[in-house]
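Results of the structural survey
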Amino acid sequence: MKKCEYCGKEISYHEIYCSDECQRMANRHYDRTSKFLRLFYSFSMVGLIGLTIGLFLMSFARFMGGGLAIGCCLLLAVLLFLLPMPTQGMIRKRGIKKAEFISRMVGFGFIAIALLVAGLMIWL
Ligand SMILES: [Zn+2]
């Protein structure tokens, strides 16, 4: 059975989306992807590299390293909330709606890491 590319609901073979609303949301997703993909990758690279350096620095400069790591986690979280950009594979498997939701959950994961680092900074 064919599924709506946006929400994953089952549809007939001559349709692509189950409703106009899904088509509109899917177009918005593709627009956003084509406009911001490069920006998204640049910022996530900076965030991930900064996070790694921050965690490394923490072993000898706890507050500086921790501050950098927390800053980068928050950057990544905001980035994933504003621009959830799941991979093509994820979209094919689950539909755009669920794939974007999972991306935002990964953003929550980075907030959790930021809190963990803050905890380590205070309690170590
Ligand atoms: Zn749909």
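In what follows, the structure referred to is the one given above.
Since this is a predicted model, take the numbers as computed values, not measurements.

1. Focus: helix α2 (residues 62-82)
Helix length check: α2 (21 residues) gives 30 Å between terminal C-alpha atoms against 30 Å at 1.5 Å per residue, within 8%. On its buried face, α2 is in contact with α1 (20-57) and α3 (88-123).

2. Topic: the coordination of the zinc ion
Distances from the zinc ion to its protein donors, Cys4 (SG), Cys7 (SG), Cys18 (SG) and Cys22 (SG), fall within 2.2 to 2.3 Å. Around the zinc ion, the four donor atoms sit at angles spanning 102 to 117°, and that spread fits a shape best called tetrahedral. Spacing between the donor residues of the zinc ion along the chain follows C-x2-C-x10-C-x3-C. Here Cys22 lies in helix α1 and Cys4 lies in the loop between β1 (2-3) and β2 (10-11), a separation of 18 residues in the sequence. Taking the relative accessible area as the measure of exposure, Cys22 reaches 7% and is therefore buried.

3. Remarks on the packing of α1 against α2
Orientation of α1 relative to α2, taken along the N-to-C sense of each, is 160°, at an axis distance of 8 Å. Judged on the interaxial angle alone, α2 and α1 are roughly antiparallel. Handedness of the α1/α2 crossing: left-handed. Taken together, the residues that form the contact of α1 with α2 break down as 18 nonpolar, six polar and two charged.

4. Structural notes on the side chain of Ser44
With respect to the element layout, Ser44 can be found in helix α1. When sequence neighbours within four positions are dropped, the list of residues in contact with Ser44 reads Leu76 and Leu79.

5. Observations concerning the pattern of salt bridges
Following the criterion strictly, the structure yields two salt bridges and no others. The partner of Arg32 in a salt bridge is Glu100, and the shortest N-O contact between them spans 2.6 Å. Here Arg32 is found in helix α1, whereas its partner Glu100 is found in helix α3, with 68 residues between them in sequence. On the basis of relative accessibility, which here comes to 16%, the residue Arg32 falls in the buried class.

6. Description of the side chain of Glu100
Residue class for Glu100 comes out buried when judged on its relative accessible area of 8%. If near-sequence neighbours (up to four positions away) are discounted, Glu100 is found in contact with His29, Arg32, Pro84 and Pro86.

So, how was this worked out
Residues numbered from 1 in each chain as written. Predicted model: local features only at pLDDT ≥ 70, side-chain atom pairs only at ≥ 80, totals over all residues. Heavy atoms only, no water. Helix = DSSP H or I, 4+ residues; strand = E, 2+ residues; numbered from the N terminus. Expected span 1.5 Å × (residues − 1). Contact = heavy atoms within 4.5 Å. Donors = N, O, S within 2.8 Å, 3.2 Å for Na, K, Ca; no water. Tetrahedral: all angles 85-135°; square planar, octahedral: opposite > 155°, others 65-115°. Buried < 20%, exposed > 50% of the residue type's maximum accessible area, 1.4 Å probe, protein only. Axes fitted to C-alpha atoms, helices over the stretch in contact; angles between N-to-C directions. Parallel < 35°, antiparallel > 145°, perpendicular 65-115°, else oblique. Left-handed = near helix turned anticlockwise from the far one by under 90°. Nonpolar A, V, L, I, M, F, W, Y, C, P; charged D, E, K, R; others polar. Salt bridge = Lys/Arg side-chain N within 4 Å of Asp/Glu carboxyl O.

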